[in-house]
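One letter stands for each residue in the lines below.
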Amino acid sequence: MTLNSVGIIGSGAWGCALAHAFSIAGNEVMLWGRSAETIDDINASHENKIYLEGLTLDDAIVATTNLKSVCENDILILAVPTQQVRDVSRKIQQYIKSNITVISSAKGFELKTAKLISEILTETLTNITIGILSGPTFASEVITGWPTAATFAMQDQNFATRLAEKLSSTSFRLYTSNDIIGTQVGGAVKNIIAIACGIASGQGFGENTRAAIVTRGLAETARLATALGGNAETLSGLSGLGDFLLSCTSRKSRNFKFGELLGTGHSSLEALKHMEGVVEGFHSAKPVIERANQLNIDLPICFSVSSILAGNTDVSSSIRHLLNRPIRNE
C-alpha cells in the first residue's frame, strides 16, 4: 500500500493545523472545504482568515472544494465536528479507495445515537482501516510550530507506527496506541469536564476546585471508557490526562470559555452566541449520559453539566448537589 499523499476533509482551524503539520513533515497534502472563499484564501495567501487570521500555512498545501479529489489520496483525515461525521462519511463512501485508512480527529459522541465516531464509521463506510487522532492540541500552536504531541490509535500497531512516523515531524509527534475506544472517550468526555471547570471559574472558585473537578472527572472518564471496552490506563496518557490539562485550564479552550460564560449567569444559548467554532462538549453531554445510563455508570460531574445545559437545573443547585453527595471511597 502506498502512503504518499494525505487528504484532509474539513478546512476549519483543526483541519488546517493538521494539513500544515503533515505538510511540513514532508507529505503531499490536499485540504477540502465547503467554502470557496476559504479555499481560495488558503491557495492564494496560505491563510485561513476566518479561524486562523495572521497564521501562515505551509505553501505546499493544495486546497479544493472537490470532494472526489480529496478522497483519491492514500490516507484520509476527517477533521469535521462530531455531529457532521455521519453525513460526511456517507458522502465519501462512493469516492474512497478500497482498504483506505480513515483517521478521525473529532472528539465527541453522536447526539442522535450516543455512538462513538469509530462506531459511526463502521456503520457508514466499508473496507476501511479506522484510526483515531486525539490529544492536547490547540490549532494555533501547531501552526506556530510549538512542540505538540498526540495519541494515534489503531488496532494494527505495526501499521500505526508506520503511519505515525510518516505524519510526525520535529514539532508534531504522534504516540501510538491500540486502544481506539479509550482514546475516543478521553477526548470526548474532557470537553464536558472542561465546561465544568469553566463554570467553576465563572463562579469565582479557585484552583482547589479545578483540581478536584479534573481529578474526579478523569475518574469518571476512565469508568466510562472501561465499561465501553477501553483501557483505563489510556486515560493517563495524552488523549486523557494530557488533553484534560490543556482544555480544563485555558481560555483558549472553547469548552472552558463556554463553561465560564455559564458560570457567570449566561444561559446555554446565550453562551453559544459568544463562541466561535463548535463547542463539542455542549453536544456530547447528553449522549454521554445516555450511554452511561445504559451501562449503569455513575458520572456525577457529567450528569450535572448535562442537566445545566438542558436547563433542568441551575449552576448553584448543581454545585450543592455535587457537594452533598454521600462520602465514598476514592
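Residues numbered from 1 in each chain as written. Predicted model: local features only at pLDDT ≥ 70, side-chain atom pairs only at ≥ 80, totals over all residues. Heavy atoms only, no water.

## Considerations on the pattern of salt bridges
Reasoning step 1: Evaluated as defined, the whole model comprises 13 salt bridges.
Reasoning step 2: Between K68 and E72 there is a salt bridge, with its nearest N and O atoms 2.7 Å apart.
Reasoning step 3: Salt-bridge contacts for E141 lead to K252; the nearest nitrogen and oxygen are separated by 2.9 Å. Taken together, the residues E141 in helix α6 (residues 139-144) and K252 in the loop between α10 (238-247) and α11 (254-263) connect sequence positions 111 residues apart.
Reasoning step 4: The partly exposed category is assigned to K252, whose relative accessible area is 48%.
Reasoning step 5: Through salt bridges that share partners, R86, E110, K115 and E123 make up one connected network. (Salt bridge = Lys/Arg side-chain N within 4 Å of Asp/Glu carboxyl O. Helix = DSSP H or I, 4+ residues; strand = E, 2+ residues; numbered from the N terminus. Buried < 20%, exposed > 50% of the residue type's maximum accessible area, 1.4 Å probe, protein only.)

## Looking at the pairing of strand β7 (residues 148-153)
Reasoning step 1: Counting buried positions along β7 yields 6 of 6 residues, so the element is predominantly enclosed.
Reasoning step 2: Here β7 shows no split at all, with T148, A150 and F152 on one side and A149, T151 and A153 on the other all buried.
Reasoning step 3: In the sheet, strand β6 (residues 128-134) pairs with β7 via 3 bridges, with the strands oriented antiparallel. Looking at the pairing, L133 lines up with F152 of β7.
Reasoning step 4: With 6 bridges joining them, β7 and strand β8 (residues 172-177) adopt parallel strand pairing. Bridge pairing in β8 places T148 opposite F172. (Pairing = 2+ DSSP bridges.)

## Overview of the sheet that holds strand β5 (residues 100-104)
Reasoning step 1: Taking strand neighbours across the sheet as the criterion, the 8 strands line up as β3-β2-β1-β4-β5-β6-β7-β8 in an open arrangement whose pairing is mixed. Looking at which strands have only one partner, the edges of the open sheet turn out to be β3 (62-64) and β8. This sheet shows a mean twist of 25 degrees between the axes of neighbouring strands, independent of strand direction.
Reasoning step 2: Packing against the sheet, helix α7 (residues 157-167) makes contact with β1 (5-9), β4 (75-78), β5, β6, β7 and β8, and its axis sits at approximately 175 degrees to β8.
Reasoning step 3: Docked against the sheet, helix α8 (residues 180-202) engages β6, β7 and β8, running at close to 40 degrees with respect to β6. (Axes fitted to C-alpha atoms, helices over the stretch in contact; angles between N-to-C directions. Contact = heavy atoms within 4.5 Å.)

## Describing helix α1 (residues 13-24)
Reasoning step 1: Look at α1: 17 Å from first C-alpha to last across 12 residues, which is about the 16 Å you get at 1.5 Å a residue.
Reasoning step 2: Most of α1 sits out of view: 11 of its 12 residues are buried.
Reasoning step 3: Along α1, the residues that are buried comprise A13, W14, G15, C16, A17, L18, A19, H20, A21, F22 and S23.
Reasoning step 4: Downstream of α1 by one or two residues, G26 has phi in the positive range, about 100 degrees. (Expected span 1.5 Å × (residues − 1).)

## Quick notes on the nonpolar core
Reasoning step 1: Grouped together as the largest cluster of nonpolar side chains are 43 residues, with contacts concentrated most on F109, V185, I193, L224, F258, V288 and C302.
Reasoning step 2: For this core, the elements supplying multiple residues, two or more each, are α8, α9 (207-227), α11, α13 (280-295) and α14 (300-310). (Core = buried A, V, L, I, M, F, W, Y, C linked by side-chain atoms within 4.5 Å.)

## Quick notes on the packing of α8 against α14
Reasoning step 1: The contact between α8 and α14 brings their axes to 9 Å, and the two run at 70 degrees. What the angle tells us is that α8 and α14 run roughly perpendicular. Contacts from V189, I192, I193, I195, A196 and I199 in α8 reach I301, C302, V305, I308 and L309 in α14. (Parallel < 35°, antiparallel > 145°, perpendicular 65-115°, else oblique.)

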